[in-house]
Amino acid sequence: MIAVFWLALCVLSTGAPSARWTATPARARIGEPVEWKLEIRAPLSSDVLLPDKDPPLDPSWLVLEPRRVERAEREGERVIDLVWSLASLEPGKRTPFVFDVPVEAPAGRVMLTPASAELDVLGELGANEDAPRPEKGFLPLPPEAPSRVWIAWTVLGLLAACGVAIPLAIRWRRRAALRRRVPPPTALEELAALERAFAAEEARGRETVFALTHLVRERTDAFLKQPRAALPDEEWIRVVAGDAGLSAPARAAAQRLLERADAVKYAQATPSRFLVEELCADARAALATEELAA
């Protein structure tokens, strides 16, 4: 009798083990995460025997986070919280599973059946809907952004064009500068160059004769501003002989040069050194006038 009285006194003084479920939030939609907590309270003198595995869930539940155990001591009691994160895949009033917890107390083993909590799972249908809503299907594709590839190709083309144009422009400016710095040779300077070439190589006689007649005709036409390159020598002599824009000595020297060169140019005659020198003298006389010498 004394032992029974002492055990009852211990139970009354320390409190009986208890367990209860809570769901946060208490109302959720299908697939929405819900925190399920099983709070176990037991005297410090007791031992809570937690099972290693959870009871199986039916396929209408989705485990988002497995069981997490939190332990504490409050107000002289042992407090153990078991926490899960679950989502219901079906609507209605729902509880996940039955979880009985054995507790070893001084008076013996006690099997705790937690007070249940219900989760109100809202369905996808409205109050007056009795059939699933039609599927929405795929979202329309976003409008294609305008292609910017042509910009890249345009920039590359401009760069390539600049890479070609800039060196060409530099080269052209250099040549133009050289042309501005170096004046063209005068008629007498060209004649002197022909004489030097013939003196170095007398076999260039016929070539020298052709060059002499070409030089005199070209310079005379340029001075008179009359392009007559298409005229044969005979016709050119006739036209120039009557042109008062040229002095008489120049006209006579030009006529003499072309007439004496006729056999070399058109009869395939090979000029002697003396003839070439005399033709050079005629050319100098035709070009040495004040008008043509510049």
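Residues numbered from 1 in each chain as written. Predicted model: local features only at pLDDT ≥ 70, side-chain atom pairs only at ≥ 80, totals over all residues. Heavy atoms only, no water.

> Would you mind showing me how to read the packing of aromatic side chains here?
Geometry of an aromatic ring pair is reported as the spacing of the ring centres plus the angle between the planes. The final tally for this structure, using the stated rule, is four aromatic pairs. A centroid spacing of 5.5 Å and a plane angle of 40 degrees characterise the contact between W21 and W84, whose relative ring orientation is tilted. Separated by 63 residues along the polypeptide, W21 in strand β1 (residues 18-24) and W84 in strand β6 (residues 77-88) bring together distant segments of the chain. Ring geometry for W84 and F99: centres 5.8 Å apart, planes at 65 degrees, overall edge-to-face. Of this pair, W84 sits in strand β6 while F99 is found in the loop between β7 (92-94) and β8 (101-105), placing the two residues 15 residues apart along the sequence. (Phe/Tyr/Trp six-rings, centres within 6.5 Å; stacked < 30°, edge-to-face > 60°. Helix = DSSP H or I, 4+ residues; strand = E, 2+ residues; numbered from the N terminus.)

> I would appreciate a short explanation of the pattern of salt bridges in the present structure.
Side-chain pairs of opposite charge can arise whenever the charged atoms involved come near each other. For the structure shown, the criterion picks out 22 salt bridges. In this structure, E77 and R41 form a salt bridge, with 3.0 Å as the shortest nitrogen-oxygen distance. Of the two residues, E77 sits in strand β6 while R41 sits in strand β3 (residues 34-43), which places them 36 residues apart along the sequence. Judged by relative accessible area, which is 21%, R41 ranks as partly exposed. The salt bridge partner of E278 is R260, with a shortest N-O separation of 2.2 Å. With E278 in helix α7 (residues 273-287) and R260 in helix α6 (residues 248-266), the pair connects residues that are 18 residues apart, well separated along the chain. Residue classification places E278 among the partly exposed residues on the basis of a relative accessible area of 38%. (Salt bridge = Lys/Arg side-chain N within 4 Å of Asp/Glu carboxyl O. Buried < 20%, exposed > 50% of the residue type's maximum accessible area, 1.4 Å probe, protein only.)

> Got a minute to help me understand the pairing of strand β10 (residues 119-122) in this structure?
Side chains on a regular strand alternate between the two faces of the sheet. Where strand β2 (residues 27-29) meets β10, three bridges bridge the pair, whose relative direction is parallel. Its bridge partner lying in β10, R29 is registered against L122. Relative to β10, β7 runs antiparallel, the two being bridged by three bridges. Considered in β10, the bridge of K93 is made with D120. (Pairing = 2+ DSSP bridges.)

> I would appreciate a short explanation of the packing of helix α4 (residues 205-224) against α7 in the present structure.
The description of two packed helices rests on the angle between their axes and on the distance between the axes. Two elements in contact, α4 and α7, have axes separated by 10 Å at closest approach and are oriented at 10 degrees. By the angle between their axes, α4 is roughly parallel relative to α7. Contact residues: α4 offers G205, T208, V209, L212, L215, V216 and R219, while α7 offers V276, L279, C280, A283, A286 and L287. Residue composition of the contact of α4 with α7, by class: 10 nonpolar, two polar and one charged. (Axes fitted to C-alpha atoms, helices over the stretch in contact; angles between N-to-C directions. Parallel < 35°, antiparallel > 145°, perpendicular 65-115°, else oblique. Contact = heavy atoms within 4.5 Å. Nonpolar A, V, L, I, M, F, W, Y, C, P; charged D, E, K, R; others polar.)

> Explain the pairing of β3 here, please?
Of all 10 residues in β3, seven are buried, a share of seventy percent or more. For β1 and β3, the ladder comprises seven bridges, and the chain directions are antiparallel. Bridge pairing links R20 to E39 in β3. In this sheet, β6 lies alongside β3 in antiparallel orientation, the contact comprising 10 bridges. The partner of L38 across the bridge, within β6, is L82.

> Even after reading the chapter, I still don't get α7, so can you show me in this structure?
Within an α-helix, residues lying three or four positions from one another point in the same direction, as the helix has 3.6 residues per turn. Between its first and last C-alpha atoms α7 spans 21 Å; for 15 residues at 1.5 Å apiece the expected length is 21 Å, and the two agree. Turning to α7, its buried residues are V276, L279, C280, D282, A283, A286 and L287. Each buried residue of α7 lies within a common arc of 160 degrees when the element is viewed along its axis, so the set occupies one face. Among the structural elements, α3 (187-200), α4 and α6 are those in contact with the buried residues of α7. (Expected span 1.5 Å × (residues − 1). Arc of directions from axis to C-beta.)

> Just checking my understanding: could you explain the environment of R41 for this structure?
Separated by 22 residues in sequence, R41 and A19 have C-alpha atoms that sit 6.2 Å apart. Those residues in contact with R41, other than ones at most four positions away along the chain, are A16, P17, S18, R74, E77, R78 and V79. There is a polar contact of 3.0 Å between the side chain of R41 and the side chain of E77. (Polar contact = N/O pair within 3.5 Å; in protein donor to acceptor, adjacent residues only side chain to side chain.)

> Sorry if this is basic, but what is going on with the nonpolar core here?
The nonpolar side chains of soluble globular proteins are, as a tendency, buried together. With 25 residues, the main nonpolar core has V209, L212, V216, W236, L279 and A283 as its most contacted residues. Residue assignment for this core shows that the elements contributing at least two residues are α3, α4, α5 (233-241), α6 and α7. No other element matches α6, which puts seven residues into this core. The residues touching A283, leaving out its near neighbours within four places in the chain, are L191, L212, V216 and L257. (Core = buried A, V, L, I, M, F, W, Y, C linked by side-chain atoms within 4.5 Å.)

> What am I meant to see in the environment of E70 here?
Take E70: it is sitting in strand β5 (residues 61-74). On the basis of relative accessibility, which here comes to 34%, the residue E70 falls in the partly exposed class. Within the local environment of E70, its side chain forms a polar contact with the side chain of R68, the two groups lying 3.1 Å apart.

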